[in-house]
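# Reading the structure
Listed below, chain by chain, are the residues.
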Amino acid sequence: MKIYKSNSVEDTASAAGELAAELKPGDVIALVGDLGAGKTAFVKGIAKYFHSKNDVLSPTYTLVNEYGGDIPIYHFDVYRLANPALDECDWIDEYLFGNGITIIEWADNIKNILPEGTIRVEIKAYPEKGEDYREIKIC
Ligand SMILES: Nc1ncnc2c1ncn2[C@@H]1O[C@H](COP(=O)(O)OP(=O)(O)OP(=O)(O)O)[C@@H](O)[C@H]1O
Ligand SMILES: [Mg+2]
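Now for a quick tour of the structure. Keep in mind it's a predicted model, so treat the numbers as computed, not measured.

## Overview of helix H2 (residues 39-49)
- Burial analysis of H2 places 8 of its 11 residues in the buried class, the great majority of the element.
- Three or more residues of H2 are buried, namely Lys-39, Thr-40, Ala-41, Phe-42, Val-43, Gly-45, Ile-46 and Ala-47.
- With its phi angle positive at about 60°, His-51 sits one or two positions after the end of H2.

What follows is the structure in structure tokens.
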């Protein structure tokens, strides 16, 4: 397990870059954290590491965005999929078991379909420690 203390969006992106350096095709990253924790900021750090030129935006309504770069990146936001029926999620398997990097915001909403070996990233704010302070736990 790794814990990063972040004091800025840039710190969060750089922690993401360190994780990205260890990723391989097919890896799945589950991002967990409240609204505004910095999940999308973390995805931006990963996309940057892989030289993606696409804009990274939370795909809350479209569920998935694809970014080009050194490796395909699939960016999910399953905020609106809370407690989905399993047969509604079949189509996600294509991504989860594909050869890109799949990153999922609100991943706990689809906990039951995440593959074994999914990397879990928890981002948490501590308002008492400052507006921009976050702790990022990766395991
Ligand atoms: N240390 C930090 N790391 C990341 N974001 C930070 C940090 N400090 C402040 N912020 C701010 O917090 C917000 C994080 O937004 P972001 O969209 O990444 O969150 P999110 O977890 O994806 O939210 P949502 O659940 O709505 O998708 C941004 O406005 C960013 O500027
Ligand atoms: Mg987001």
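Now that the structure is up, let's keep going.
## Overview of the sheet that holds strand S7 (residues 134-138)
- Taken together, 7 strands build an open sheet; the order of strands is S1-S7-S6-S2-S5-S4-S3 and the sheet is mixed. For this open sheet the edge positions go to strand S1 (2-6) and strand S3 (64-67), each flanked by a neighbour on one side alone. Between one strand and the next, the sheet's axes are offset by a mean angle of 15°, whatever the strand orientation.
- As judged from the 5 bridges shared by strand S4 (residues 73-77) and strand S5 (residues 101-105), these two strands associate in the parallel manner. Residue pairing in the sheet places Phe-76 in a bridge with Ile-104 of S5.

## Overview of the coordination of the magnesium ion (ligand 2)
- Note on the magnesium ion (ligand 2): its protein donors are Thr-40 (OG1), Ser-58 (OG) and Glu-105 (OE). The metal-donor distances range over 2.1 to 2.3 Å.
- On the primary sequence, the residues serving as donors to the magnesium ion (ligand 2) are separated as T-x17-S-x46-E. Of this pair, Thr-40 sits in helix H2 while Ser-58 sits in the loop between H2 and S3, placing them 18 residues apart in sequence.

## Side note on the packing of helix H1 (residues 9-20) against H2
- In contact at an axis separation of 7 Å, H1 and H2 are set at 50° when each is read in the N-to-C sense. Between H1 and H2, the crossing angle belongs to the class labelled oblique. The interaxial crossing formed by H1 with H2 has right-handed handedness. Contacts from Val-9, Thr-12, Ala-13, Ala-15, Ala-16, Gly-17, Leu-19 and Ala-20 of H1 reach H2 at Ala-41, Phe-42, Gly-45, Ile-46 and Tyr-49.

## Description of the pattern of salt bridges
- This structure, assessed with the given rule, holds 7 salt bridges.
- Lys-2 is the partner of Glu-22 in a salt bridge, and the nearest nitrogen-oxygen pair spans 3.3 Å. Taken as a pair, Glu-22 in the loop between H1 and strand S2 (28-32) and Lys-2 in strand S1 lie far apart in primary sequence, 20 residues in all.
- Across the pair Glu-122 and Lys-137 runs a salt bridge whose closest N-O atoms are separated by 3.6 Å. Linking Glu-122 in strand S6 (residues 119-125) with Lys-137 in strand S7, this pair joins segments that are 15 residues apart in sequence.
- Taking relative accessible area as the criterion, Lys-137 reaches 31% and is therefore assigned partly exposed.

Cut-offs and rules
- Residues numbered from 1 in each chain as written.
- Chains lettered and ligands numbered in written order.
- Predicted model: local features only at pLDDT ≥ 70, side-chain atom pairs only at ≥ 80, totals over all residues.
- Heavy atoms only, no water.
- Buried < 20%, exposed > 50% of the residue type's maximum accessible area, 1.4 Å probe, protein only.
- Helix = DSSP H or I, 4+ residues; strand = E, 2+ residues; numbered from the N terminus.
- Pairing = 2+ DSSP bridges.
- Axes fitted to C-alpha atoms, helices over the stretch in contact; angles between N-to-C directions.
- Donors = N, O, S within 2.8 Å, 3.2 Å for Na, K, Ca; no water.
- Parallel < 35°, antiparallel > 145°, perpendicular 65-115°, else oblique.
- Left-handed = near helix turned anticlockwise from the far one by under 90°.
- Contact = heavy atoms within 4.5 Å.
- Salt bridge = Lys/Arg side-chain N within 4 Å of Asp/Glu carboxyl O.

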